[in-house]
Amino acid sequence: MTNLFDPVRLGDIDLANRVVMAPMTRSRAGAGDAPTDLNVEYYRQRASAGLIVSEGTQPSADGKGYCRTPGIHSVAQIAGWRKVTEAVHGEGGKIVLQIMHCGRIGAKLNKDPDAETIAPSAIRAAGQMFTDAAGMVDFDEPRALETDEVPGVIAEFGQATANALEAGFDGVELHAASGYLPMQFLSTGTNKRTDRYGGSAENRIRAVVEMLEAMAKVAGPGRVGIRICPGVLFNDIHDDDPRETYSALLKTIDPMKLAYLHLILLQTPQVDGFAVAQANYTGPMILNDSITLERANQLIDTGVAAAVSFARHFLANPDLVHRLRSGAELARFDRKTLYTPGSAGYTDYPMIYK
Ligand SMILES: Cc1cc2nc3c(=O)[nH]c(=O)nc-3n(C[C@H](O)[C@H](O)[C@H](O)COP(=O)(O)O)c2cc1C
């Protein structure tokens, strides 16, 4: 029987076990959106994961949406991340950087003064987000990218990948879920473009495919992953036919031989993302969302998943791998400190196994 604790190779990345730490925004970056020693400690504590996927990290100032999220586009940010990767590697772990461009999900108050909120189309998302300066505010009205600007935004993903490698990451993951920029291109509700990046499914997937190509050109495809969640409605995202969109996307990227597809399992009345993935994708999959230990082992033993990722359990249990292995009780996370600055609810969850 193969189980969660057996090693696996995803593309060019060797994992000591198949327990992946899912990406989690924790809003605790320091000055200039650079990782600090507090962030180093947080990731070090969780390095027994077979693979850590970092919190969503902006490839450019425009890509920032939320307050206190880290970037990977300045010298100080690269230096800060280097300390994180060294700490994780020092514990024998592996870590990839999740590249997250928020697109229209942003608020000026969270951004550098000269940064912009851009999107495939000038459609403001319904809803609000938190800012340190003024509490909850409406999402920005985004500016639609001109056709000749799109390649420049895609190039940011290539540059972010180069910066991630310089910072010592084992690879990069494209955040194409949760209604951020890549998903805004994919989805009919946010992409009303009439150029080669909008309209048909073939055109709507183009920006995402080109982002992956830019990343793979720098890191090699075996160090690039993609995260998707077909049919999710988070951040006011909507697609008329996710089955068509994601079938087209997965069919197109399957031959690229990426390290992995990170799929958030969600069965909506509109689409069964897992069925779409099984029908159109042959590479290794990391599966996520409220997965129990028993189900995780079943998914792995049957060969359906190469690995399984956990977010909230890893947040509250830095030694999650050891706890799962030994059957120890799992601690619960504290909702109040998810995004607050400082060590409380961040680096102070107890470890049973040091
Ligand atoms: C505090 C918090 C922050 C999150 N931030 C991100 C993020 O930056 N990128 C991302 O792809 N998913 C993010 N997620 C989603 C998780 O990666 C995961 O998909 C979700 O929590 C379900 O997995 P779980 O049942 O193991 O918690 C976040 C989740 C939480 C709880």
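The following paragraphs examine the structure supplied in this document. (Residues numbered from 1 in each chain as written. Predicted model: local features only at pLDDT ≥ 70, side-chain atom pairs only at ≥ 80, totals over all residues. Heavy atoms only, no water.)

### Points about the layout of surface pockets
(1) Moving on: By volume, the largest pocket amounts to about 1,400 Å³.
(2) Moving on: Around the largest pocket, the lining comprises 47 residues; the ones closest to its centre are Pro23, Met24, Ala311, Arg312 and Tyr339.
(3) Moving on: Elements with a minimum of two residues in the lining of the largest pocket: strand S7 (128-131), strand S14 (307-310) and helix H10 (312-316).
(4) Moving on: Looking at side-chain class alone, the lining of the largest pocket contains 27 nonpolar, 12 polar and eight charged residues.
(5) Moving on: By volume, the second largest pocket is sized at about 210 Å³.
(6) Moving on: Around the second largest pocket sit Glu41, Arg44, Gln45, Ala47, Ser48, Glu91, Pro318, Asp319, His322, Met351, Tyr353 and Lys354, which together line it.
(7) Moving on: Element by element, the count of residues in the lining of the second largest pocket is highest for helix H1 (residues 37-45), at three residues. (1 Å grid on protein atoms, 1.4 Å probe; cavity = no way out; pocket = protein on both sides within 12 Å on 5 of 7 lines; lining within 4 Å. Points joined across faces, edges and corners; volume = space filled by probe spheres on them. Helix = DSSP H or I, 4+ residues; strand = E, 2+ residues; numbered from the N terminus. Nonpolar A, V, L, I, M, F, W, Y, C, P; charged D, E, K, R; others polar.)

### A look at the environment of glutamine 184
(1) Moving on: For glutamine 184, the location among the structural elements is in helix H4 (residues 181-186).
(2) Moving on: For glutamine 184 and isoleucine 237, which are 53 residues apart along the polypeptide, the C-alpha to C-alpha distance reads 7.2 Å.

### Some points on the side chain of asparagine 317
(1) Moving on: Along the chain, asparagine 317 turns up in the loop between H10 and helix H11 (320-326).
(2) Moving on: Under the relative-accessibility criterion, asparagine 317 is labelled buried at 0%.
(3) Moving on: A polar side-chain atom of asparagine 317 sits 2.7 Å from the main-chain amide nitrogen of alanine 331.
(4) Moving on: Setting aside chain neighbours within four positions, we find asparagine 317 in contact with Arg323, Glu329, Leu330 and Ala331. (Buried < 20%, exposed > 50% of the residue type's maximum accessible area, 1.4 Å probe, protein only. Polar contact = N/O pair within 3.5 Å; in protein donor to acceptor, adjacent residues only side chain to side chain. Contact = heavy atoms within 4.5 Å.)

### Remarks on the site of the ligand
(1) Moving on: Lining the immediate surroundings of the ligand are 16 residues, of which Thr25, Arg227, Asn288, Ser290 and Arg312 lie closest.
(2) Moving on: Measuring from an oxygen atom of the ligand, one finds a backbone N or O atom of serine 290 at 2.7 Å.
(3) Moving on: At a separation of 2.8 Å, an oxygen atom of the ligand approaches a polar backbone atom of alanine 311.
(4) Moving on: Protein chains shield 86% of the accessible area of the ligand, which is 610 Å² for the free molecule. (Near = heavy atom within 4 Å. Areas by Shrake-Rupley, 256 points an atom, 1.4 Å probe, with all protein chains shown as cover.)

### A look at the pairing of strand S11 (residues 224-228)
(1) Moving on: For S11, a buried count of five out of five residues is recorded, marking the element as mostly surrounded by other parts of the structure.
(2) Moving on: Neither face of S11 is exposed, since Val224, Ile226 and Ile228 on one face and Gly225 and Arg227 on the opposite face are all buried.
(3) Moving on: Two elements, strand S10 (residues 171-175) and S11, share four bridges in a ladder whose sense is parallel. The residue bridging glutamate 173 from the neighbouring strand is glycine 225, located in S11.
(4) Moving on: Across four bridges, the pairing between S11 and strand S12 (residues 260-264) is parallel. Of the residues in S12, the one forming a bridge with glycine 225 is tyrosine 260.
(5) Moving on: Note that the unit made of S11, helix H7 (residues 242-253) and S12 has a crossover that is right-handed. (Pairing = 2+ DSSP bridges. Right-handed = clockwise from strand over helix to strand, strands pointing away.)

Read these as spatial facts, not as claims about activity.
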